[in-house]
Amino acid sequence: MSSSTARDRGSARVRPDRRAALVSATVGTVAAGMVLALATAASAGTTLATSAAEKGRYFGTAVAANKLSDSTYVGILNREFNMVTPENEMKWDATEPSQGQFTYTSADRIVSHAQANGMRVRGHALAWHSQQPGWAQNLSGSALRSAMVNHVTQVATHYKGKIHSWDVVNEAFADGGNGARRDSNLQRTGNDWIEVAFRAARTADPSAKLCYNDYNTDGQNAKSNAVYAMVSDFKARGVPIDCVGFQSHFNSASPVPGDYQANLQRFANLGLDVQITELDIEGSGTAQANSYATVVRACLAVSRCTGISVWGIRDTDSWRASGTPLLFDGNGNKKAAYTATLDALNSGTPIPTTPPPTTPPPTTPPPTTPPPGAGCTASLSLQTWTGGFVATVRVTAGSSGTNGWAATVTLPSGTAVTNAWNAQSSGTTGTVRFANVAYNGRLTAGQSTEFGFQGVGTPPAGTPSCTAS
Ligand code: G3I
């Protein structure tokens, strides 16, 4: 028996997160001064799961079913993690190898292990252009659309009530600078395939959080801007989406971006949870450790960043094993990256005491300085790339407040609006009017709200006009 397994048995089956809860319950019974002292001591968790739980987050890992007979692997898994993601076992090729014939043996094994050990499960992935069974690769049009909806429905129904979060759609945007959808057989069934998948997943399992998941979206760039525009539009139109997953596969060519936290925050500001779903960072030693700490600190600084999952346990378990990107070496020993991750979890932001914002994005409190005159004003900020842009417009009420408002933006010739969120747009070219929607028309004096739109072509310049009613 390995030492890890013995240690696990020695912990009397108390999951780390439950141990944290036990400490909290205990301190609640002693005098107030003592509570403070014990609560401080309790924040020094000794495992990733314990420490993350003390900060109100989960800490997870990808798991391969065929490794659940490896005692070193299982020892680390049970000791350190409280969320698991099946690495390949829930994908379309694994769960529906022949059309209409569903096989859940390997995925069920992981779910059973998780449930038996007090861990939760991230489902991965219901609809994806990759790892499709051959029969699906050969379908197109309405036959593929029907097959996709049936697959989402069947798999989400099989795991109904057992999944914390589903990656409903994975990697649907192209790399490069134009923010376009990735070409795939699914995309060719029509641009609405993503929202159709989300609606099917919600119907099948109303209790699971539904995520869009992608890579190279970790900082602000054309791809993440396009995802931002899509999920903003989903929120505005009531398409069921709860979270965005940031895969966070990093290496020297693609390091942790400087605006990582800001990017997580802007998605959280849409009223969505954000999750770090497949974290791995190639490298070694202090540099790798520092990068892991940076990622952890960023998540803890964003109250709606609800958890972090690494993409495997030991370096040798990784899909990128040669890059030694994980927290444990091939022998299962903790690396410097592990210590840095644990330390960052222990020194991070405590559990948020205020509930997270819900959509629509919160309006700002009235300023203490006198507001501008009656009516309203609008200002424009832009994120641009070659051939397109995302515009954010801030509308501020004048001294009378508003019951409703409309902002007008003049677009250059050849520019067109492709979608808008938190406002109702009229027209797509020339002078475009954006009126409030039901939830953001009423502003008190000096109060602000924001809406956005995405466009192709040259971005607009100047200040939008604003009228209040
Ligand atoms: O199971 C077969 C085995 O029978 C066969 O002998 C062997 C021969 O190559 O292949 C095995 O299957 C491999 C499978 O992993 C299980 O190890 C596939 O070839 C291999 O392509 C597959 O790779 C997976 C990859 O997704 C496929 O796209 C990786 O394990 C998995 O870590 C990786 O995960 C993805 C996420 O789902 C989405 N985000 C990116 C991430 C990394 O690509």
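This is a predicted model, so every value here is computed, not measured. Residue numbers here run from 1 along each chain, matching the order of that chain's written sequence. Local features are withheld for residues below a pLDDT of 70 in this predicted model, meaning they are given only at 70 or higher, and side-chain atom pairs are given and counted only at 80 or more; totals for whole chains, interfaces and linings count all residues. As a convention, hydrogens and water are excluded, and side-chain values are obtained from all of the structure's heavy atoms.

**Notes on the pairing of strand 9 (residues 305–310)**
- Counting buried positions along strand 9 gives five out of six residues, so the element sits mostly inside the fold.
- Criterion used throughout: strands pair if DSSP finds at least two bridges between them. Secondary structure elements are taken from DSSP: a helix is a run of H or I of four residues or more, a strand is a run of E of two residues or more, and numbering for both begins at the N terminus. In this structure, strand 1 (residues 58–63) lies alongside strand 9, joined through four bridges in parallel fashion. By the bridge assignment for strand 9, F59 is matched with I308.
- As paired elements, strand 8 (residues 273–281) and strand 9 share four bridges and run parallel to each other. Within strand 9, the residue paired with I276 across the bridge is I308.
- Tracing the backbone out of strand 8, into helix 13 (residues 285–301) and back to the parallel element strand 9 gives a crossover that is right-handed. Only protein chains enter the area calculation, which uses a 1.4 Å probe; residues under 20% of their type maximum are buried, those over 50% are exposed, and those in between are partly exposed. Classification remark: right-handed applies to a crossover when, strands pointing away from the viewer, the course from the first strand over the helix to the second runs clockwise.

**Observations concerning the site of the ligand**
- Around the ligand sit 13 residues, and of these E87, N88, K91, H124 and E278 come closest.
- Per-residue and other accessible areas were derived by the Shrake-Rupley procedure at a 1.4 Å probe size, with only the shown protein chains allowed to occlude residues. Burial of the ligand by the protein chains amounts to 44% of its free accessible area of 780 Å². For this description, a residue counts as near a given molecule or strand if any of its non-hydrogen atoms is within 4 Å of it.

**Topic: the confidence of the model for the protein chain**
- Residue-level confidence of the predictor is what pLDDT reports, using numbers from 0 through 100. Scored by pLDDT, the protein chain has a mean of 87; 83% of the residues are at 70 or more.
- Every residue in residues 351–358 is under pLDDT 50, and counting partners more than four places away or in other chains gives 12 contacts. The contact definition used throughout considers only heavy atoms, calling two residues in contact when any of these lie within 4.5 Å.

**Here we look at the side chain of Q275**
- Along the chain, Q275 turns up in strand 8.
- Any N or O atom pair separated by 3.5 Å or less is treated as a polar contact, with the protein-specific requirement of one donor-capable and one acceptor-capable atom, and with residues adjacent in sequence counted only for side-chain atom pairs. Separated by 3.4 Å, the side chains of Q275 and Y58 make a polar contact.
- Here Q275 is in contact with Y58, R122, H164, S165, C211, C243, V244, G245, F246, T306 and G307, once residues within four sequence places are set aside.

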